[in-house]
Amino acid sequence: VQAQEKRLIEKWLDGEVKAKTPAVTYNGPPIQLKFSTFIAPTTVTGQLYVRAFKRLEADTNGKVQVRPFWGSTLGNAQRGAFESIGQGVADFGNCYVLFNPGGFNLHFGLQLPYTFESSTQAAMAIYDLYPKYLRKAYEARGVYMIRASTTQPQHLISSKDPILKMDDLKGKKIWAPGGLSQEIATALGGVPSTVQSSELYTAFQSGVLDIPVMHDAGTKLFRLIEIAKHRTVANLWINPTEFCMNKTMWDKLPKDVRAHMYHWAALWNLTETILYFDDESVNAVKEMTAKGIKSHELPSAEMQRMIKASEPVAQRWIDGMAAKGEPAKQFVDDMRAAAAKWKGMSFDQITQRIMDAPTPGIADQ
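Computed from a predicted structure; not experimentally measured. (Residues numbered from 1 in each chain as written. Predicted model: local features only at pLDDT ≥ 70, side-chain atom pairs only at ≥ 80, totals over all residues. Heavy atoms only, no water.)

Caption draft 1: Layout of the sheet that holds strand S4 (residues 143–150). As summarised here, the arrangement of the five strands in space is S2-S1-S3-S10-S4, forming an open sheet in which the pairing is mixed. The sheet terminates laterally at strand S2 (64–69) and S4, the two strands that pair on one side only. Taking each pair of neighbouring strands and ignoring which way they run, the sheet shows an average axis angle of 20 degrees. Relative to strand S10 (residues 240–246), S4 runs antiparallel, the two being bridged by seven bridges. (Pairing = 2+ DSSP bridges. Helix = DSSP H or I, 4+ residues; strand = E, 2+ residues; numbered from the N terminus. Axes fitted to C-alpha atoms, helices over the stretch in contact; angles between N-to-C directions.)

Rendered as structure tokens:
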């Protein structure tokens, strides 16, 4: 994004505009929090995290300080993250449902394809859905959720032949890390693979994986750009990326600090959805093109075939959830309504809304 088009969320990140965040009156010693993540500090996301942590420290007059532990150095920030943070090894960090699926049901409905168009739209829909449908199951894992972003709808990356029609996916090993993505990959004719994201590069390079289904910014982040030859726009599932907080630590924070952090976390979320997942995707596609990676649009008839092939997966999921007593049909209806609500707003309009007041009900304040 050019300087003259600076996003409102980046102006907040740089301290050029202020949110209506509750003031911190706590005057005790600085509160130091350990943050655990599997990503590296040199990545675009890592740099955004550092800037967000500095914003928190500045806006609390140094009373809240974050010490990040990168690359899963404090504990496995992919599988096992709930236990690590729930037990207080870290205070907060990545806690992805997709990598830790035990005990979750409705959460996987977020992956139903062809629902969202951007990461920011999807994340705001999750905030709307979470208090009613998702919070109880998430907190049953022994943590609070502090924020949730998502990838953009994802595309098909290949290192050999381009994917130009649905039949080209037949028998291909497709990365589908969890939840409904595995059933959708199967419905499209592929064979789902569940390698961890940290193993993605070598799996793609060695042929263990034929097709990483990946959002554009992730193609760059995970260095798949070094191997890929083709990108096919497919707008498949999103992957939710949740962050959790240790309950004991959160509950004992001074009330004003907790209220400030709650609002800050909602804005931190937008720095990731807007500046990384949504804006960085544009830069990543330009870089792919410059490297000679060819982008392909599926013919309308082929896109319709893929949509039609995924519909039974959605219906089976709704029926299966209903059999467990879960209100899946209502969840899907509300998810689509939330998607429509946020679709009509610009990123700056969404940012202004959250600068004024965050969505309630994500964690206790």
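Still to come is the rest of the account.
Caption draft 2: Representation of the sheet that holds strand S5 (residues 155–158) in the model. Taken in spatial order, the six strands line up as S7-S6-S8-S5-S9-S11 in an open sheet, and their pairing is mixed. The open sheet has two edge strands with one neighbour each: strand S7 (191–193) and strand S11 (294–297). With direction set aside, neighbouring strand axes in the sheet form an average angle of 30 degrees. Of the strand pairs in this sheet, S5 and strand S9 (residues 230–233) are connected by three bridges, and their pairing is antiparallel. Bridge assignment links Leu156 to a residue of S9, and that residue is Thr232.

Caption draft 3: Just the environment of Lys132, in detail. Its place among the elements puts Lys132 in helix H4 (residues 119–139). Using a relative accessible area of 61% as the deciding quantity, one classes Lys132 as exposed. Each C-alpha atom of the pair Lys132 and Met335 lies 12 Å from the other, and the pair is 203 residues apart in sequence. When sequence neighbours within four positions are dropped, the list of residues in contact with Lys132 reads Gln330 and Asp334. (Buried < 20%, exposed > 50% of the residue type's maximum accessible area, 1.4 Å probe, protein only. Contact = heavy atoms within 4.5 Å.)

Caption draft 4: A look at the pairing of S2. Strand direction decides the pairing type here: strand S1 (residues 31–36) and S2, joined by six bridges, are parallel. The residue of S2 that forms the bridge with Ser36 is Phe69. One crossover worth recording links S1 to the parallel S2 by way of helix H2 (residues 44–59), and it is right-handed. (Right-handed = clockwise from strand over helix to strand, strands pointing away.)

Caption draft 5: Geometry of the nonpolar core. In this structure, Tyr138, Met261, Trp264, Trp317 and Phe331 are the most contacted members of the largest nonpolar core, which totals 110 residues. With 13 residues, the single largest contributor to this core is helix H9 (residues 255–290). Ignoring anything within four residues of it in the chain, the contact list for Met261 reads Leu33, Leu56, Val64, Ile146, Met245, Trp250 and Leu253. Counting residues in each nonpolar core, the second largest holds 17 residues, with Ala203, Phe204, Leu209 and Met288 among its members. (Core = buried A, V, L, I, M, F, W, Y, C linked by side-chain atoms within 4.5 Å.)

Caption draft 6: Structural detail: H4. Here H4 is 21 residues long, yet its end C-alpha atoms lie only 23 Å apart, well below the 30 Å a rise of 1.5 Å per residue gives. H4 sits mainly inside the fold: 16 of its 21 residues count as buried. With a side-chain oxygen lying 3.1 Å from the backbone nitrogen of Gln121, the N-terminal cap of H4 falls on Ser118. (Expected span 1.5 Å × (residues − 1). Polar contact = N/O pair within 3.5 Å; in protein donor to acceptor, adjacent residues only side chain to side chain.)

Caption draft 7: Molecular detail of the state of the cysteines. One pass over the structure, following the stated rule, counts one disulfide. Through a disulfide, Cys95 is tied to Cys244; the S-S separation comes to 2.0 Å. Linking Cys95 in the loop between strand S3 (92–94) and H4 with Cys244 in strand S10, this pair joins segments that are 149 residues apart in sequence. Accessibility assignment for this pair places Cys95 and Cys244 in one class, buried. (Disulfide = S-S within 2.5 Å.)

Caption draft 8: Just the pattern of salt bridges, in detail. Scanning the entire structure with this criterion turns up 24 salt bridges. A salt bridge links Glu139 to Arg135, with the nearest nitrogen and oxygen atoms 2.6 Å apart. In this pair, Glu139 and Arg135 both sit in helix H4, four residues apart, roughly one turn of the helix. For the pair Glu139 and Arg135, one class covers both residues: buried. The partner of Lys220 in a salt bridge is Glu287, with the nearest N and O atoms 3.1 Å apart. Note that Lys220 is positioned in helix H7 (residues 216–221) and Glu287 in helix H9, a separation of 67 residues in sequence. (Salt bridge = Lys/Arg side-chain N within 4 Å of Asp/Glu carboxyl O.)

Caption draft 9: The packing of aromatic side chains, seen in detail. The full count for this structure, using the stated rule, is 24 aromatic pairs. Measuring from ring centre to ring centre gives 6.3 Å for Phe53 and Trp264, while their planes differ by 40 degrees; the resulting arrangement is tilted. Here the residue Phe53 occupies a position in helix H2, and Trp264 occupies one in helix H9, the gap between them amounting to 211 residues. Geometrically, the ring pair formed by Trp264 and Trp268 is stacked, given 4.9 Å between the ring centres and 20 degrees between the ring planes. (Phe/Tyr/Trp six-rings, centres within 6.5 Å; stacked < 30°, edge-to-face > 60°.)

Caption draft 10: Structural detail: unusual backbone geometry. With a phi close to 55 degrees, Ser72 is a non-glycine residue in the positive phi region. Tracing the backbone through its elements, the reader meets Ser72 in the loop between S2 and helix H3 (81–86). Phi angles above zero are rare outside glycine, and Tyr114 is one such case at about 65 degrees.

Caption draft 11: Just the side chain of Arg147, in detail. Locating Arg147 in the fold gives a position in strand S4. For Arg147, a relative accessible area of 0% translates into the label buried. At a separation of 3.2 Å, a polar atom in the side chain of Arg147 contacts the side chain of Glu272. When near neighbours in sequence (up to four residues on either side) are disregarded, Arg147 contacts Tyr49, Tyr127, Thr241, Glu242, Phe243, Ala265, Trp268, Asn269 and Glu272.

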